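# Commentary on secondary and tertiary structure
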Amino acid sequence: MNRRTLSTLLGLITFLLPMLSWAAPQPLIFSHVVSPDTPKGKMAEMFKSIVEKKLGDQYEIIIHSDSSLMNDNEAVNAIADGRIHFAAPSLSKFERYTQQLKVFDLPFLFPDMNAVNRFQKSPTGQALLTSMKSQGILGLGYLHNGLKQLTADRPFTQPDDLAGLHFRTMNSDVLIKQFELLNAKAVPIAFSEVYQALAEQRIQGQENTWSNIFSKAFYDHQPYMMISNHGVLDYMLITNSDFWGGLSEEEQRSFRFALDMSLKYGNAVAKAKSANDKTELSRMKSVSVYEPSADELATWQTAMQPLWDSYKDIIGEEIIRAAQQASRP
Ligand code: SIN
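Residues numbered from 1 in each chain as written. Predicted model: local features only at pLDDT ≥ 70, side-chain atom pairs only at ≥ 80, totals over all residues. Heavy atoms only, no water.

Further remarks concern the site of the ligand. Around the ligand, the neighbouring residues are Val33, Val34, Lys40, Asp72, Lys93, Arg168, Met170, Phe191, Asn208, Asn212, Leu233 and Tyr235. Between an oxygen atom of the ligand and a side-chain N or O atom of Arg168, the distance comes to 2.7 Å. Contact distances for the ligand include 2.9 Å between an oxygen atom and a side-chain N or O atom of Asn208. If the ligand stood free it would expose 260 Å²; the protein chains cover 100% of that surface. Applying the majority rule of atoms within 2 Å of the grid points places the ligand in the largest cavity. Partitioning the shell around the ligand into residue classes produces 6 nonpolar, 2 polar and 4 charged. (Near = heavy atom within 4 Å. Polar contact = N/O pair within 3.5 Å; in protein donor to acceptor, adjacent residues only side chain to side chain. Areas by Shrake-Rupley, 256 points an atom, 1.4 Å probe, with all protein chains shown as cover. 1 Å grid on protein atoms, 1.4 Å probe; cavity = no way out; pocket = protein on both sides within 12 Å on 5 of 7 lines; lining within 4 Å. Sits in = over half its atoms within 2 Å of the grid points. Nonpolar A, V, L, I, M, F, W, Y, C, P; charged D, E, K, R; others polar.)

Further remarks concern helix H3 (residues 72-81). Asp72, Ala75, Val76, Ala78, Ile79 and Ala80 are the residues of H3 that are buried. In this fold, the buried residues of H3 make contact with strand E1 (26-31), helix H2 (39-55), strand E3 (86-87), strand E4 (137-152) and strand E8 (224-240). Regarding H3, its N-cap is Asn71, as a side-chain oxygen of that residue lies 3.0 Å from the backbone nitrogen of Asn73 further along. Where H3 ends, the next residue or the one after it, Gly82, has phi of about 75°, a positive value. (Buried < 20%, exposed > 50% of the residue type's maximum accessible area, 1.4 Å probe, protein only. Helix = DSSP H or I, 4+ residues; strand = E, 2+ residues; numbered from the N terminus. Contact = heavy atoms within 4.5 Å.)

Here we come to helix H14 (residues 317-326). Listing the buried residues of H14 in full gives Ile319, Ile320, Ala322, Ala323 and Ala326. Considered in projection along H14, the buried side chains sweep an arc of 160° and stay on one side of the axis. Packing partners of the buried residues in H14 comprise helix H4 (113-121), helix H5 (123-128), helix H12 (306-310) and helix H13 (312-315). (Arc of directions from axis to C-beta.)

Worth remembering: the numbers are spatial, not functional.
Encoded structure:
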């Protein structure tokens, strides 16, 4: 190759290189803490596949599951700062940014997932999606996991049985106070560390959904479970407000389409998994699932009820009222 051809070739490469790198799809990070085979894991996979089908030449969704990139508290901060693009943390993990979402942590507020669904779809529930926008966090929709159950390493049927035990909670002061009302010691721990804390008996109990108890094998160290349905564990799918605002209308439409489809799918998976994983756990010989009577449940309710009053002004009375209305169809 003579000198002239070589310099033409180099010129061509220099000209083409920026075009090639410009053409590479932009990686968008979706971080979460659960296994791929969960409502959130499945929702994230479907979201990725639809976005990449519609906008694959522009964007690639990189999913980090099982807390492999960061825990949820870090993810919420990373969304606010624009360091990652999507996350779907539990509604209990926004304490640093808003007090209003604490409505979802109030025990025994929602009798079932239909009530949760109605509230999330109500004008009040929809307004909560934009309540952190000025802080960089924009809610794009809700995703269900399900109602929480209590589990422990020893038998229990009534609130007094938990006195003195250490219970893992998410990092939410409502949930911490909920266990304090039962005279138990609340220990906030990241989801990724719960299994080890149970194995090492640093905690004797925890609360979570059937899906999380099953997919993370908490039953290895928590043979006693109660069908308490005392609280809800749902998610808000969030993105960075500036990232979202910087998308074209056409791109936003495509992302919205992918979200609507994948959230519907995730919610259907949540319903099926909740029933299926409860059955799986109930069938295990090593696990005892206790179904409390209505009177027994009322005792738990009475013990936890004082939280409603203490959070009335913090959350906002009108938000709690809207949730109560949704709970009475
Ligand atoms: C999750 O379902 O995303 C984890 C919830 C938890 O921290 O218990």
